[in-house]
Each structure stands twice: as structure tokens, then as C-alpha cells.
Amino acid sequence: MNSNNTRASDIFNNEDSNTSKNQDFDAVLNLRLSRRNMLRGGVGAAGSVLLGGAGLAGLAGCATSGQGAMAANTPLSTLGFTPVAKSLADMVSVPAGYKAEVFYALGDPILAGAAAFKNDGSDTDFDKRAGDHHDGMEWFSLDANGKASTTHSARGLIAMNHEATTDEKLSSFFIHADGGTSTLPRKAAEVDKELMIHGLSVIEVATEGGKWRYKSASNFNRRVTTMSEAVIHGPARGSEHLITKYSTDGTKVRGTLNNCGTGKTPWGTYASGEENWFGYFTRDDKDDAKRGAKDKAVAALNRYGRRAGAASRHGWESAGSSDQYVRWNNGAIGASAKDDYRNEMNTFGYIVELDPYKPTQALRKRTALGRMGHENVTFAKPVVGQPVVGYMGDDSRGEYIYKFVSDALWIASDANADDKLAVGDKYLDKGTLFVAKFKADGTGEWLELSMKNPIVAFNPDFEFKSDADVAIFTRLAADAVGATKMDRPEWAGVNPRNGEVYITLTNNANRTLDGEFGVDAANPRVYKDMKGTKENGGNVNGHIIRLAQGKPADTSFKWDLYLTAAEAGADKGKINLSNLTDANDLSSPDGLVFSQATGICWIQTDDGAYTDVTNCMLMAAIPGNVGDGNKKTLTYKRSDGSEKAVDTYIGKTPTEATFKRFLVGPKGAEITGWCETPDGKAMFVNIQHPGENTKMADINNPANYESQWPANVGYGAGKRPRSATIVITKLDGGQIGS
Ligand code: FEO
Ligand code: CA
Ligand code: CA
């Protein structure tokens, strides 16, 4: 969700709750050094050596195994298509020689009992249909016998996130005949539909006669909604902070919510990030006083974006006295936590794991990976005898980048186990969480978040009693160690060529020259940009940072900025530092996934700043490596005439042979979610919230819709715009991007 946009949902996303005054880094480092001295018996152990290119190249030769370990089959050295021009057309544009077809949109029936989608607001049974706001997704092959496979490309399962809904005021207006109620109390019949269009879906897909379709009668098809039971796993299981009326022992929860980015585990399951879940809750303005000043839940609620009295996004709590509505009131309204939902918000904010091949198995919430506004998790190539490592961004302004390192060491046979969630228990329920600190000299450190770290355990601002507390109140632990406040960390991806980690930093309206969000080496730009007559400030267009480590579990890294997003016409000395041109300029990078088939890095945008010139887009990149560019000093002039200089590190300027635009989407849509068949010949992309700037008052006036996609390309009934999955193939049958 983009901060420069004017959509109603913005007030519930990108919350600005990181007001932490992180400790001075030298003090943090000294504490760390003394701790390591205690643990490891010498200062020398703290100075870990960074491996350069040779060390990383060596990694590729290590014994690797597992589904995430599939090396690039035919890594491309140049991109073989003609770039797509920027566009404001209400359509999907792809290069000459390619076709894009819609095949799975909001409301499409996937389970028995759902009728064809009428798309006029009268439809019900959304627990049997595609949800809304298609987001991250992953591919899981099926062989000819319908068994799990890692290689087949003609038949498979796609699991995807249904992040949110297109709103005005309280209502998800496109699914209600008259647009729905925009004042409290909400109508139960409307809320019942809205509860069901969130969550996940799994569909079986296949290509037959050159056409991709989903199979509406497949036994693999599944919907997970805000009401599906999920199980708490990892250190937070049974915590007092997870006790609710629904689960008085803190071990289970209903549903998953605001699922954004995804990852595929090395053992072939689906991992989904719960992102902007806090906005769905409300507690009354006396709730802090009711809980009492000593209740640390109050500090945590504020740090996680829910101050007392803040309104909820949809007003679901107002629809009646049934539990399914009351649970969205997270105030302390009962006699104890067992009598109300004061802790319900703590049951969201995790990475959740699903086995797409087992349609009746409950989701597991992997609390060891921390609680935050999770975008996605991406796993490093697993190496036999080494820990499993995952990278994650917390997407709000000024939040952090994290990594998880498992206790268990990788065993090759786990890649193909039948009970995949049991393998998930082994690698994801016990391990250590780290948060990134980026230093001005181009290096960085992963700082440990656990009770073993005295800065966390003895935090004077928030009492951590256990690793369960660290798992639930992760942001407060990260504040304590002095992590670097980033420009909204979105997707992370691992380059299959060299193991380097890429993270999109989509934009940050709060970045300033000085002060709490003052520019630093890793977030070095603050500038103005005009959108029509509106001036946007901060880091308007975002950037992509990347990290090189000797081994994924190392605590030191080297970093640079792969690219700075900008308009082609922006100042090349101060803003457009990557010298982008009309063929490859972009704003607000968000989705980022590397193809295992071709090595292409696919970058998607969710933009509101450059949308006066172009709709959101999908870029293709063949990046180099950390350190292939130059140091750059940015000099700013303050209003009092004094100067501030910031050193940063910019990757090698991309050429149009290695970075260009592949797709532009319809009006009002972001491009998000990406997966491919193992042969790299079919690529699936999600188009989220076309027409999101439509006014609810125009609900039955299609001529005024911002978008009529995909109805305007002949897909489905009605004219209301719908989030949808498209499949892209090359007309000559070749690999995408070649
Ligand atoms: Fe759901 Fe950070 O995008
Ligand atoms: Ca502009
Ligand atoms: Ca996103």
C-alpha cells in the first residue's frame, strides 16, 4: 500500500509507531562485545571477516539440496525483449511476442456450492470463491498422477494471498449491491462477506491445448479465511499474551489476515506474511486506563499501531454480539483475558505456513520468526549441515529488516518429506531472530533478538521475560538493540547466482534531512517530486538494498543499493542515481522475486507518486553483485545554509540490456505476487485492486469507474473491476524474458 496515494485504506497501513530512540550504536556495540567476550572467550570472535566475491562464488559449489535450492537452470546474461512503454491505459501491456491472459479473479467459484460470479454485489458464499486483493503466490507442481513434484510444469497448485479489499470509509464497496454501509454499526450480512474475502486460496491449475485454467472441481482447492482455525507454534505457544476467550491456553487462533508477500520453504510449503492486521481492531479510548499503567500490553499496543480510541478499518466489531464480530474489539472489556479479546491482536502478525498438498491440515503460525508487519519471508539456498535461514521485511515507515536462523541443521531428505508441516516444526519453531544494522562504511551487522542478548533482556523501556515475549513484541526488542530504521522494507529475495539478498524499500514520506528519520547511508535520499500540482517529499520513489554474507547465518554483511528508483527526468546527481531511462524508470518497488529458471529478478511496483504518468509495472533485471558500483556522496543544504554530506554505495548503473520494463498494469492497480512453472515458460502475476480510486457513490455507474478491468478484456460478468491472476507465455513457447 502506498503512502503517496490518497486511498482510504492508507490510514490503516504504514502506521507511524516507531518513535523509538534507538540506543547510540557505540554503546550497543560495546555491550555486544562484552557479551561475546563472555560467551566466546575473546574479542577477536566479534570481528567476523567478510568474504568477498570469491567466498560467495564458493557457496554456489557447496552441497545444496531442497526445493528452494534449485539452481538457475539457464541463467540469462541479457534480457531478450523490447521494453514496454509507460502507460495510463486500462489494460495489461506486455512485450511483443508475449501474451497475457486472465484466469482467476475475485469471486470465481472454486468450491462446490458456489454459483457463477455475477459481479453485481449480490454474490455471497465468498468462503467458496476466490478472495479479494490477490497478492503473493507460489507454485507447487503436480505430476501426471496428481502427486507432489518439484519439476512438472503442465499441472500444479497455486497458493495465494488475498490481502485486503477496496474500501471507502468502512465498506468493501465493490462486493455490496449498493456499496454497503459507511457508518457504524455495520450490517452483519455485509461483514459476513468481508470476513470471507480475506485470507488465502489454493487452486489447481493446468495447461490444456495451450490454455491455462484453474480446475473448479479439484479436491486440492481450498479457502482459508479470517475464521479458519490456525495453530500457534514456536516460542509464543501458550503465552499469557495469546490467551483469548477462544483459546484460554493461548495455543490456537481463528484465521489469518492481511496476507501480503510469500515465500516457498526448502521443504515445499507455502509461507505467508501477515502485514497490516492492526488496523482491523479497535479498543475504546479508556482502555489504557482500564488496563493500568503497569500493563506492558499498553506500550506494545501503541508500538504496534493501536492506540486507545483509534477506529477500526471496517467496523466489524459493530455488526452484532456474536463472537465473530466481538473478537475485533481488543479492549479489556471482560473480567480477564479468558473472557474477552484483549489479546486477539497478538494472534496476528506472524509468518504462517500452509501445506498446499494437504487441504484439510490447519495453518501453523511460526512465531519464532517474530511479530511485525510481515511482508514476506524468503529462504537462502539450504546447505546440508547448516541452519535454514530466512529474510524478512517489516513494512511500515521506519521499520526494520530481520533474519531468522534455525537451530536445526539442514538434512537433504527433508526436502521431500510427506509430512511437510512436521519438517516446518523442525526448522521454524526453534531458532534465533536477528535485526539489521547498516553502517556508514558499507558493512552491517545482524543483531540478536533473544533473552541471551542483555540489551533485550534488560531493556529498561519494556520488560522481556521470555523468548515468547521477544516473539510477540519483536519490534520493541529491535528498538532496544539499535536497528536501522528503513524506508519501508517490502519483499526480500535471494539471488540464485550468488546468494545475495535483495530487499525493496518502497518509499518513505517521513524521511527527512535530520532528526529521528534523518538520512543515513542505507536510506540516503530525501527530495521533492511533483505529482501534477501536488508536491511529495521524503524518499518519494524508494530503492533496493542488497546484502552479501559469507554464509547466510553469518552476523556480518556488506551492502550497497542495487538501484535507486526515480523518474527518468529527475536530477541524476541527487535523485536518479542509477541513471534510469524511459525504458526502465520506476517508482515504489515492492514485489521482488528471483526466477529459479532464468535468474531474472522480477520487480513489481505499488506506486502512487508516478501514477500521473504511468500505471504500476513489472520490471525484469539481471543484477550484478554487491560492490560492483561506486561510493557516492550526497550533499544537502539545510534551510540555514549549512551543509550535510551523506556517503552511500550505489551499484553499477544498469543498462537496458540488464534492466527494463516488462509489463504495465491497468488503472488503479498495483502489480504484486509472482510465480512460475519450473521450466520458466509460464509466469503468473497478480493484478491487485484495479479501479481502487473509484468513488463508492458511483457503485452503479460503471462509466465513472476508474477501471473496468478485467471485464473490458472479456473476462467474466458485470463491469466492476476485480483483482485477478494473469498468466504470461511467450508466443514461441520459450522461457519468459529470454
Ligand atoms: Fe502489502 Fe507492504 O505490501
Ligand atoms: Ca513526478
Ligand atoms: Ca506488497
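For the structure itself, consult the block above.
Description of the structure in this document.

### Topic: the overall build of the chain
Counting its regular elements, the chain contains ten helices and 33 strands. Whereas a compact globule of 738 residues would reach a radius of gyration of roughly 27 Å, the chain reaches 24 Å, a difference of no more than 12%. The dimensions of the chain, computed from C-alpha atoms along their principal axes, are 70 × 65 × 60 Å. Every one of the 738 residues in the chain was classed for burial, and the buried ones make up 64%. Within the chain, contacts between residues separated by at least 24 positions form 69% of all contacts whose residues are at least 6 apart in sequence. Carbon and sulfur atoms form 52% of the exposed surface of the chain, whose accessible area is close to 24,000 Å². One finds the centroid of the 84 positive side-chain charges in the chain at a distance of 2 Å from the centroid of its 90 negative side-chain charges.

### Structural notes on the coordination of the calcium ion (ligand 2)
At 2.3 to 3.0 Å from the calcium ion (ligand 2) lie its protein donor atoms, namely Asp529 (OD), Asp529 (OD), Met530 (O), Glu567 (OE) and Glu567 (OE). According to the relative accessible area criterion, Glu567 is buried, its value standing at 16%.

### Side note on the sheet that holds strand E26 (residues 601–605)
Strand order across the open sheet formed by four strands is E25-E26-E27-E30, with antiparallel pairing between neighbours. Both outer strands of the open sheet, strand E25 (589–594) and strand E30 (659–664), are each paired with one neighbouring strand and no more. Across the sheet, the mean angle separating the axes of adjacent strands is 25 degrees when strand polarity is ignored. As paired elements, E26 and strand E27 (residues 617–621) share four bridges and run antiparallel to each other. When the bridges of E27 are listed, Gln604 appears paired with Leu618.

### Considerations on the side chain of His374
Residue placement: His374 occurs in strand E14 (residues 374–379). For His374, the side chain forms a polar contact with the main-chain oxygen of Gly370, separated by 2.8 Å. For His374, the contacting residues outside a window of four places in its chain are Cys260, Gly273, Glu274, Glu275, Gly349, Tyr350, Ile351, Leu369, Met392 and Gly393.

### Regarding the coordination of the calcium ion (ligand 3)
Distances from the calcium ion (ligand 3) to its protein donors, Glu375 (OE), Glu490 (OE), Asp590 (OD) and Asp590 (OD), fall within 2.3 to 3.2 Å. For the calcium ion (ligand 3), the donor residues sit on a single chain with the sequence spacing E-x114-E-x99-D. In this pair, Glu490 sits in strand E19 (residues 489–494) while Asp590 sits in strand E25, placing the two residues 100 residues apart along the sequence. Asp590 carries the same exposure label as Glu490, and that label is buried.

### Re the sheet that holds strand E8 (residues 229–233)
As summarised here, the arrangement of the six strands in space is E9-E8-E13-E12-E11-E10, forming an open sheet in which the pairing is mixed. Pairing within the sheet leaves two strands with one partner each, and these edge strands are strand E9 (252–254) and strand E10 (259–264). Direction aside, the axes of adjacent strands within the sheet are offset by 30 degrees on average.

### A few points about helix H3 (residues 188–197)
Because each turn of an α-helix spans 3.6 residues, side chains separated by three or four positions end up pointing in the same direction. Most of H3 is tucked away: seven of the ten residues are buried. Here H3 has its buried residues at Glu190, Val191, Lys193, Glu194, Leu195, Met196 and Ile197. Once H3 ends, the next one or two residues include Gly199, with phi positive near 120 degrees.

### Focus: the pattern of salt bridges
Applying the stated criterion to the full structure yields 44 salt bridges. Measuring nitrogen to oxygen at the nearest pair gives 3.1 Å for the salt bridge that ties Lys485 to Glu516. Pair noted here: Lys485 is in the loop between helix H10 (474–481) and E19 and Glu516 is in the loop between strand E20 (501–505) and strand E21 (529–531), with a separation of 31 residues, a long-range link. The exposure class assigned to Lys485 is buried, which follows from its relative accessible area of 9%. For Arg546, the salt bridge identified is with Asp560, shortest N-O distance 2.6 Å. Pair noted here: Arg546 is in strand E23 (residues 543–548) and Asp560 is in strand E24 (residues 556–564), with a separation of 14 residues, a long-range link. You'll find Arg546 and Asp560 in the same group, each marked buried. One continuous salt-bridge network, built from bridges that share partners, spans Arg303, Asp394, Glu399, Arg475 and Asp479.

### Some details on helix H5 (residues 296–303)
Across the eight residues of H5, six count as buried, placing the element largely inside the fold. Among the residues making up H5, those that are buried are Lys296, Ala297, Val298, Ala300, Leu301 and Arg303. Immediately beyond the C-terminal end of H5, within one or two residues, lies Gly305, with a positive phi of roughly 85 degrees.

### Observations regarding the state of the cysteines
The bond known as a disulfide is covalent and runs between the sulfur atoms of two cysteines. Inspection of the entire model under this criterion finds zero disulfides. The thiol of Cys601 is unpaired, and the distance to the nearest cysteine sulfur, on Cys675, comes to 16 Å.

### Some remarks on unusual backbone geometry
Residue Pro185 is reached from Leu184 by a cis peptide bond, and omega for that bond is -5 degrees. With an omega dihedral of 5 degrees, the bond running from Trp709 to Pro710 counts as a cis peptide bond. Tracing the chain through its elements places Pro710 in the loop between strand E32 (682–688) and strand E33 (724–730). The backbone phi angle of Asp125 is positive, close to 60 degrees, even though this residue is not glycine. Here Asp125 lies in the loop between strand E1 (98–105) and strand E2 (134–142). At Arg488, a position not held by glycine, the phi torsion is positive, near 60 degrees. Residue position: Arg488 is located in the loop between H10 and E19.

Calculation criteria
Residues numbered from 1 in each chain as written. Chains lettered and ligands numbered in written order. Predicted model: local features only at pLDDT ≥ 70, side-chain atom pairs only at ≥ 80, totals over all residues. Heavy atoms only, no water. Helix = DSSP H or I, 4+ residues; strand = E, 2+ residues; numbered from the N terminus. Rg over C-alpha atoms; globule rule 2.2 N^0.38 Å. Buried < 20%, exposed > 50% of the residue type's maximum accessible area, 1.4 Å probe, protein only. Contact = heavy atoms within 4.5 Å. Areas by Shrake-Rupley, 256 points an atom, 1.4 Å probe, with all protein chains shown as cover. Lys, Arg positive; Asp, Glu negative; His and termini not counted. Charge placed at Lys NZ, Arg CZ, Asp CG, Glu CD. Donors = N, O, S within 2.8 Å, 3.2 Å for Na, K, Ca; no water. Pairing = 2+ DSSP bridges. Axes fitted to C-alpha atoms, helices over the stretch in contact; angles between N-to-C directions. Polar contact = N/O pair within 3.5 Å; in protein donor to acceptor, adjacent residues only side chain to side chain. Salt bridge = Lys/Arg side-chain N within 4 Å of Asp/Glu carboxyl O. Disulfide = S-S within 2.5 Å.

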